[in-house]
Amino acid sequence: MVKTAVILAAGMGSRLGERTKHQPKGFLQLGDKPIIEESIQKLLEAGIEEIVIGTGYLAEAYEELAKQYPQITCVRNDKYETTGSLYTLYCLKERVSQDFLLLESDLVYEKKAIKLLINHRCADVILASRLTGANDEVFIETDEQCFLKKMSKNKEELVNPSVALVGISKLSHSTFHAICEYAEKHFQEQLMLDYEAALVGISSQVPLYVYKIHPLAWCEIDNEEHLLQAKRDIYPYIKHQEREKPPVQRKILLNPGPATTTDTVKYAQVVPDICPREEEFGYVMQFISDELTNFVASTDQYTTVLFGGSGTAVVESILSSVIGDGTVLIINNGAYGKRMCQIADAYGLNFVEFESRPDQPLHLPSIEKIIHQSNGKITHLAVVHHETTTGLLNDIASLGRLCQTYGIHMIVDAMSSYAAIPLDMEAMNISYLAASSNKNLQGMAGVGFVIARKDHLEATKQLRPRNFYLHLYSQYQYFQETKQMRFTPPVQTLYALKQAIIETRLEGIENRYARYSQIWEVLINGITRLGLTHLVNKEHHSRIITAIVEPTIPSYCFGEMHQFFQQHGITIYPGKLHDLPTFRVANIGDITNKDMEQFVQLLEQYLFSIGFCPERKKNHGIS
């Protein structure tokens, strides 16, 4: 069991400018204590008994800290200005005589990283995470057995850089000896070496296992951008994650929203009572508005308008607020396209309905023909990106190009695609996009929002309002002036949404969609094995929700099957097609492959109990 930790803390942190003029980087403060002290407390909690800190720049700060912690010993690198982290590590060769954890002083990280590393079966382990996209990350290339081959800050130098260096490693004393020998040999030519160079240098003789932990929240603070990310995303997430709280009973929601949420999102709602008109809460809503925009567009050209309400509320807000005397062409290829037609009809809008099958791709030439024949009367086009009736993904990129050709503003209901399927509003020529807090964002239901192109939204100022509560321009204008909603917002739901946004940023939208897609493959392989079929072909499928054709045997009843799954903590949804009986299974939210495997196993049990399961019948010799 590793009982010693080494922290490298000699660097000057010059890229942080004035922030490190009078204190080392490790003394940056995100919470109640400096980040180095928070790191020390995590080490002690994990069973570390001795901490050796290699100091240099403003070493006195660490020596003062050591007075509070008898477990700490400081060793100075007096040549810190002309040497790198490897020299600081080398300075500890007489002080460290056993296996140890090696950490950098400017890290913010989850404490689970320490515990997992200590308990790993290998003696020499380099902790890694998925690629973060942060500037200055160290890329790692491994062999097929996950042992280190190469590391570099230049991604182009590596063949397949699949993970990033976290800055926490477990090293045996014999490996430390090899590192010191490497250092002595290369110091003759260069003193400004990082310890990573030594790890790569000895990796051909010493097997160094690269251990990827995912998900893992962490950040190295080297510059202002890193510090902003730590303050805005990483540190709040870690504090929520590590707050002592009882786990909430988990339900697996396989309906298309609300989705299964993390406990950290649930507990984010537990906050001191606050009047939503206070400036502090305005900052919360401004953060939410900016970050929701950043997922799909630039805040220079686009903005997010928040409403307390469902997704349908914000679709209604757009349709009733931005269309003047012109005509809106509404694509109806499912229940939610039909709903937009119903909204348009209720407001007396001029609209043309384009009907298409809910399981087939749109026929763009037919849509263009309608636009062309309108002689410029069609000013807007409204479409559902992901039609959750069947799982069909409409080609909004092609529709966007068509709208650009004819000078039409495109309205997209992205309720069940936003924050999963990557979107670029400018590239796709989207003027208005509607979404909500409770689907792929993995937040709580109750907040709908419109992301709008600012100049298009500003142009609607002259239109006579058709509504009051949902008037889009008025809500936008009031928020710009006051950082408040016009009417009482859902306070706790917005705190949960803030946490959900942070978690979405940490996972990354592309990574989230990859996770959803893997879970979808488990579902599709499972139902195919069980003799069931789904409606939409793979090339047009969203990989987010699937309409499955119901068994055509008298003993089948969706209500009974729904109740069966409810008893096992799983929720599924009925279908929405009148001419073809289906049930729907979503694979969004805080769920895993294992959750979907459990669903498939239970589905097999249920189908066999009612006499339908070709695969199981074959395996049991039943005819």
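Here the structure is shown first, and the text comes after it.
Throughout this document, residue positions are counted from 1 along each chain, in the order its sequence is written. Given that this is a predicted model, residues contribute local features only at a pLDDT of at least 70 and side-chain atom pairs are listed and counted only at 80 or more, while totals for whole chains, interfaces and linings are drawn from all residues. Only hydrogens and water are removed before side-chain values are computed, so all heavy atoms of the structure are retained for them.

Let us now look at the overall build of the chain. Within the chain one finds 20 helices and 25 strands. Its C-alpha radius of gyration of 28 Å places the chain within 12% of the 25 Å reference for a compact globule of 623 residues. The principal-axis extent of the C-alpha atoms belonging to the chain is close to 80 × 70 × 45 Å. The buried label goes to any residue with under 20% of its type's maximum accessible area, the exposed label to any with over 50%, and the partly exposed label to all in between, with areas taken from a 1.4 Å probe on protein chains only. The proportion of buried residues among the 623 residues of the chain is 57%. Calculation of accessible area relied on Shrake-Rupley with a 1.4 Å probe; when residues are assessed, cover is drawn exclusively from the protein chains displayed. Looking at the chain as shown, the accessible area adds up to about 26,800 Å², and 48% of this sits on carbon and sulfur atoms. A helix here means a DSSP run of H or I that spans at least four residues, while a strand means a run of E at least two residues long, and both kinds are numbered starting from the N terminus. The size measure is the radius of gyration over C-alpha atoms, and the globule rule it meets is 2.2 Å times the number of residues to the 0.38 power.

Attention shifts here to the pairing of strand S1 (residues 4–9). In terms of burial, S1 is largely enclosed, as 6 of its 6 residues are buried. With burial as the criterion, each face of S1 is covered, one bearing Thr4, Val6 and Leu8 and the other bearing Ala5, Ile7 and Ala9. Pairing between strands requires that DSSP locate at least two bridges from one strand to the other. As paired elements, S1 and strand S4 (residues 100–104) share 5 bridges and run parallel to each other. Within S4, the residue paired with Thr4 across the bridge is Phe100.

Right, let's get into the packing of aromatic side chains. Any two rings among Phe, Tyr and Trp, with Trp reduced to its six-membered ring, count as a pair given centres within 6.5 Å; such a pair is stacked if its planes are under 30 degrees apart, edge-to-face if over 60, and tilted if neither. Applying the stated rule across the entire model yields 16 aromatic pairs. Look at Phe468 and Phe487: their rings are 5.6 Å apart centre to centre, the planes differ by 55 degrees, and that puts the pair in the tilted class. Of this pair, Phe468 sits in the loop between helix H14 (454–458) and helix H15 (472–482) while Phe487 sits in the loop between H15 and helix H16 (491–507), placing them 19 residues apart in sequence. When its relative accessible area of 26% is taken as the criterion, Phe487 is described as partly exposed. An aromatic cluster is built from Phe564, Phe565, Phe599 and Tyr606, whose rings are joined through pairwise contacts. The positively charged end of Arg121 is found above the aromatic ring belonging to Tyr209, 5.7 Å away from the centroid. Charges are assigned to positions over rings by a cutoff of 6 Å between ring centre and Lys NZ or Arg CZ, combined with an angular limit of 35 degrees from the ring normal. Positioned over the ring face of Phe287 is Lys498, at 5.4 Å from the centre of the ring.

Running from N to C, helix H7 (residues 224–242) and H16 point in directions that differ by 115 degrees, and their axes come no closer than 9 Å. One element, H7, and the other, H16, form an angle in the roughly perpendicular class. In the crossing of H7 with H16, the sense of the turn from one axis to the other is left-handed. Residue-level inspection shows Arg232, Asp233, Ile234, Pro236, Tyr237 and His240 of H7 in contact with H16, the latter providing Gln499, Ile502, Glu503, Arg505 and Leu506. For helices, the axis comes from a line fit to the C-alpha atoms of the stretch in contact; other axes are also lines fit to C-alpha atoms, and the angle between any two N-to-C directions lies between 0 and 180 degrees. Reported orientations rely on four angle classes, namely roughly parallel under 35 degrees, roughly antiparallel over 145, roughly perpendicular from 65 to 115, and oblique for the rest. Crossings are classed by handedness, with left-handed meaning an anticlockwise turn of the near helix from the far one by less than a right angle and right-handed meaning a clockwise turn. Contacts were defined at the residue level, with two residues in contact if any of their heavy atoms lie within 4.5 Å.

Right, let's talk about the sheet that holds strand S13 (residues 302–308) for a bit. Here we have 7 strands laid out as an open sheet, ordered S13-S21-S20-S19-S16-S14-S15, and mixed in their pairing. Each edge of the sheet is formed by a strand with only one pairing partner; in this case those strands are S13 and strand S15 (350–355). Across the sheet, the mean angle separating the axes of adjacent strands is 20 degrees when strand polarity is ignored. Two strands pair when backbone bridges link them, and strand S19 (residues 409–413) and strand S20 (residues 430–436) are joined in this way by 4 bridges, in the parallel orientation.

Relative to the helices and strands, Thr327 is located in strand S14 (residues 327–332). Residue classification places Thr327 among the buried residues on the basis of a relative accessible area of 13%. Sequence-wise, Thr327 and Glu63 are 264 residues apart; in three dimensions their C-alpha atoms are separated by 73 Å. Excluding residues that lie within four positions of it along the chain, Thr327 makes contacts with Asn350, Phe351, Val352, Lys377, Ile378, Thr379 and His380.

This part takes up the packing of helix H18 (residues 558–567) against helix H19 (residues 593–609). H19 packs onto H18 with a crossing angle of 135 degrees between their chain directions and a minimal axis gap of 11 Å. Taken as axis vectors, H18 and H19 run oblique relative to one another. Judged by the twist between their axes, the crossing of H18 over H19 is right-handed. Taking contact as the criterion, the partners of Glu560, Met561, Phe564 and Phe565 in H18 are, on H19, Phe599, Leu602, Leu603, Gln605 and Tyr606. Just so you know the grouping, Ala, Val, Leu, Ile, Met, Phe, Trp, Tyr, Cys and Pro go in nonpolar, Asp, Glu, Lys and Arg go in charged, and all remaining residues, Gly too, go in polar. Taken together, the residues of the contact of H18 with H19 sort by class into 7 nonpolar, 1 polar and 1 charged.

It is characteristic of soluble globular proteins that their nonpolar side chains tend to be buried jointly. Within the largest apolar cluster, 65 residues are counted, with the highest numbers of intra-cluster contacts made by Ile367, Leu381 and Tyr418. Top contributing element to this core by residue count: H16, with 7 residues. Setting aside chain neighbours within four positions, we find Leu381 in contact with Val328, Leu329, Ile331, Ile367, Ile371, Leu399, Cys403, Ile408, His409, Met410 and Ile411. With 36 residues, the next largest nonpolar core counts Val138, Tyr182, Leu193 and Val210 among its residues. The definition of a nonpolar core used throughout is a set of buried Ala, Val, Leu, Ile, Met, Phe, Trp, Tyr and Cys residues joined through side-chain atoms within 4.5 Å.

One open sheet accounts for 3 strands, arranged S22-S25-S24; its pairing is antiparallel. Edge strands, defined here as strands with exactly one partner in the open sheet, are strand S22 (545–549) and strand S24 (573–574). Examined bridge by bridge, S22 and strand S25 (residues 582–586) share 5 bridges and lie antiparallel to one another. From the neighbouring strand, Ile545 faces S25, where its bridge partner is Ala586. Helix H17 (residues 509–529) rests against S22 and S25 of the sheet, and its axis sits at about 5 degrees to S22.

On to the side chain of Thr264. By secondary structure assignment, the location of Thr264 is in helix H8 (residues 263–267). Residue Thr264 is classed as buried on the basis of its relative accessible area of 4%. Pairs of N or O atoms are called polar contacts if they sit within 3.5 Å, as long as, within protein, a hydrogen donor faces a hydrogen acceptor (for residues adjacent in sequence, only side-chain-to-side-chain pairs). Reaching out from Thr264, the side chain makes a polar contact with the side chain of Thr262 at a distance of 2.9 Å. Those residues in contact with Thr264 that sit more than four places away from it in its chain are Tyr237, His240, Gln241, Lys245, Gln499 and Glu503.

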